[in-house]
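# Close look at the chain arrangement
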Amino acid sequence: MTDRLNVLIVASEVSPYAKTGGLADVTAALAIQLKKRGHDVRVILPYYASIRGKNLPLDSALESMCVRMGGNNEEWCKVLHMDTADDVPIYFVEHHAFFDRSGLYHDEAMHDYHDNPRRFSFLCRAALQYCMDAHFKPDIVHAHDWHTALLPAYLKVWFWDHEYLGHAASVLTVHNAAHQGVYPHSQYGYFGLGEQAFTPDRFESWGQVNILKGGIAYSDMVNTVSPGYAKEITTPHGGFGLAPYFTAKGDAFCGVLNGVDYANWCPELDATIPAKFSVKDMAGKAECKRALQKAFKLEVRDDVPIVGAIGRFVTQKGYHLVRGTIEELLWDVPMQFVILGSGDWENTSYFGMLPGRCPGRAGSYIGYSEEIAHLIEAGSDFFLMPSMFEPCGLNQLYSLRYGTLPIVHATGGLDDTVEQYDEQTGDGTGFKFHAPTPHALYNTVRWAVSTWHDRKPHMKMMMERAMQRDFSWEHAVHDYEALYQNAIQKKAEYDNYHS
Ligand code: ADP
Ligand code: GLC
């Protein structure tokens, strides 16, 4: 193995403690894999109300910690600690005024908390205070998305020669460049980074503060979560305005494909599904299909395929394309459709009412359920992911392992991980469309369904191939180790230059 490193991972979401999407799965799995590789990994996240409700076996790591923010603000908090079965210590920053709320980022009406810039700048500063107070000397401080993108800036602006932090190199993983943490300049003072960092090449953006942009500037290494998306975000459209800043990082910017936690997402081991199955014995998949049909009040029959979908109801996920054509599809094509998701009003109301309009052929569950997510992955024949853009995407990777062939818009991580079906040879692991339109989606679902009905040997070959594709963390963790070494190297070059 490479040198043993002290790694501090700070994130707004970590499974199973706090999750709204794939970020949580990735931070959790990465920490476990790094630990398995022998690194000393510590993970820090907020102590949200939902975590308090879990009654975890916690002890106090720091009974009382003072965090100094800008404008002479002092925040007092506590750091709670838990040892996990995987031997990765988890630290929760307890600050009730900031985190003891029903949501992670927004209230039930989907309104972002007005003090999010304060909440998450505090989290970053608190994580570094923990290192100083607990005498933990990280080699790597690993930030994720805008919520923790101030970490690299704090390291370079304040702690460049600190006994515990001066030596740390920073890595920022961008899971989604669409969310940048853009706020009025009036919020900036609280961060305590000084007006000299409020320049167009750092935090300033059209007079406002852009947290992700500043994080990119200050990080030793920046990565995103697939090579395809790394290319896309250096184009004007794909980068949501940040393309020049990603490009400016040169070889300090790259794409590392996420891994999959196969301990949790594998049909041979999955304890949540009605019957386990594997590439050698697929009988259990038919049982899962029947259970899925029953759970969603679909007609129980094995002569039509089920197209499944799971995801957050946000524009990124492209469900408006599905809304534009699913009823036509269900009318024209012998198939069934199930969807699990929650989020915006348009999708919630449309998909909530769809089963009423297509009884026996369409089912929906509006809400969040890990168990139903596993049942859909296991029981469906196809998995639909029409995202407008997708930095990596995890559900298509889970689908592959369950022999549920993905039907995807060819973008970012979806394009990187799904191989197009070849009608001549039977090659491929799924079905891809290039134009993000209801028309292209209609034709591609129709193509997949006709393959299911008419070319069974090809379906079998593709399912077997898909189930054998390996996107495990064992690969991805090596890429992160290499990334960490690059960050250490970049940090040394930076220190030389500034000494
Ligand atoms: P994103 O992070 O953009 O939401 P990913 O595909 O990377 O997309 O990860 C989504 C994760 O969230 C998956 O683990 C998926 O199963 C889960 N997920 C999303 N919505 C739901 C839901 N309503 N119920 C259960 N799991 C969900
Ligand atoms: C983001 C992206 C998703 C990615 C996940 C984990 O939420 O939208 O594509 O898989 O982060 O990296």
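Nothing here was measured: the structure is a model prediction, and the numbers come from that model.

### Overview of the nonpolar core
- Within the largest apolar cluster, 169 residues are counted, with the highest numbers of intra-cluster contacts made by F122, F203, M335 and F337.
- For this core, the element with the highest residue contribution is helix 4 (residues 116-134), accounting for ten residues.
- In this structure, this core is formed jointly by two domains, domain 1 (6-259 + 473-498) and domain 2 (283-467), each of which donates at least three residues.
- Look past the residues within four positions of F122 in its chain and what remains in contact with it is V67, M69, E75, C77, V93, H95, F98, F99 and Y190.

### Describing the sheet that holds strand 9 (residues 204-205)
- Spatial strand order, 8-10-9: three strands in an open sheet with antiparallel pairing. The strands lining the two open edges of the sheet, one partner per strand, are strand 8 (182-183) and strand 9.
- Here strand 9 runs beside strand 10 (residues 208-210); their pairing, made up of two bridges, is antiparallel. When the bridges of strand 10 are listed, E204 appears paired with V209.
- Along the sheet, helix 7 (residues 211-218) makes contact with strand 8, strand 9 and strand 10, crossing strand 10 at roughly 55 degrees.

### A closer look at the site of ligand 1
- Near ligand 1 lie 21 residues; those nearest to it are G22, R312, K317, G367 and L394.
- Interatomic distance of 3.3 Å between a side-chain N/O atom of N395 and an oxygen atom of ligand 1.
- Contact with the protein chains covers 94% of the free accessible surface of ligand 1, which is 560 Å².
- When contributions to the shell around ligand 1 are tallied by element, the ones reaching two or more residues are helix 1 (22-36), strand 13 (306-313), strand 14 (336-343) and helix 15 (395-401).
- Among the elements that line the shell around ligand 1, the one with the most residues is strand 13, at three residues.
- Looking at the shell around ligand 1, its residues break down into seven nonpolar, nine polar and five charged.

### Quick notes on the environment of Y188
- If you trace the backbone, Y188 turns up in helix 6 (residues 188-191).
- When the C-alpha positions of Y188 and E204 are compared, they lie 9.8 Å apart, and in sequence the two are 16 residues distant.
- The residues touching Y188, leaving out its near neighbours within four places in the chain, are L193, G194, E195, A197, F198, F203 and V209.

### Here we look at the domain arrangement of the chain
- Looking at the assigned domains, one finds that the chain contains domain 1 (6-259 + 473-498) and domain 2 (283-467).
- A straight line from the C-alpha centre of domain 1 to that of domain 2 covers 33 Å.
- Between domain 1 and domain 2, the contact holds 19 residues from the first and 17 residues from the second.
- On the surface where domain 1 and domain 2 come into contact, there are one salt bridge.
- Here domain 1 is connected to domain 2 by seven residue pairs in polar contact (both at pLDDT 80 or more).
- At the level of secondary structure, the elements contributing two or more residues to the side of domain 1 that touches domain 2 comprise helix 1 and helix 8 (227-232).
- With four residues, helix 8 is the single largest residue contributor to the side of domain 1 that touches domain 2.

Conventions we followed
Residues numbered from 1 in each chain as written. Chains lettered and ligands numbered in written order. Predicted model: local features only at pLDDT ≥ 70, side-chain atom pairs only at ≥ 80, totals over all residues. Heavy atoms only, no water. Core = buried A, V, L, I, M, F, W, Y, C linked by side-chain atoms within 4.5 Å. Buried < 20%, exposed > 50% of the residue type's maximum accessible area, 1.4 Å probe, protein only. Helix = DSSP H or I, 4+ residues; strand = E, 2+ residues; numbered from the N terminus. Domains from an automatic or database assignment. Contact = heavy atoms within 4.5 Å. Pairing = 2+ DSSP bridges. Axes fitted to C-alpha atoms, helices over the stretch in contact; angles between N-to-C directions. Near = heavy atom within 4 Å. Polar contact = N/O pair within 3.5 Å; in protein donor to acceptor, adjacent residues only side chain to side chain. Areas by Shrake-Rupley, 256 points an atom, 1.4 Å probe, with all protein chains shown as cover. Nonpolar A, V, L, I, M, F, W, Y, C, P; charged D, E, K, R; others polar. Salt bridge = Lys/Arg side-chain N within 4 Å of Asp/Glu carboxyl O.

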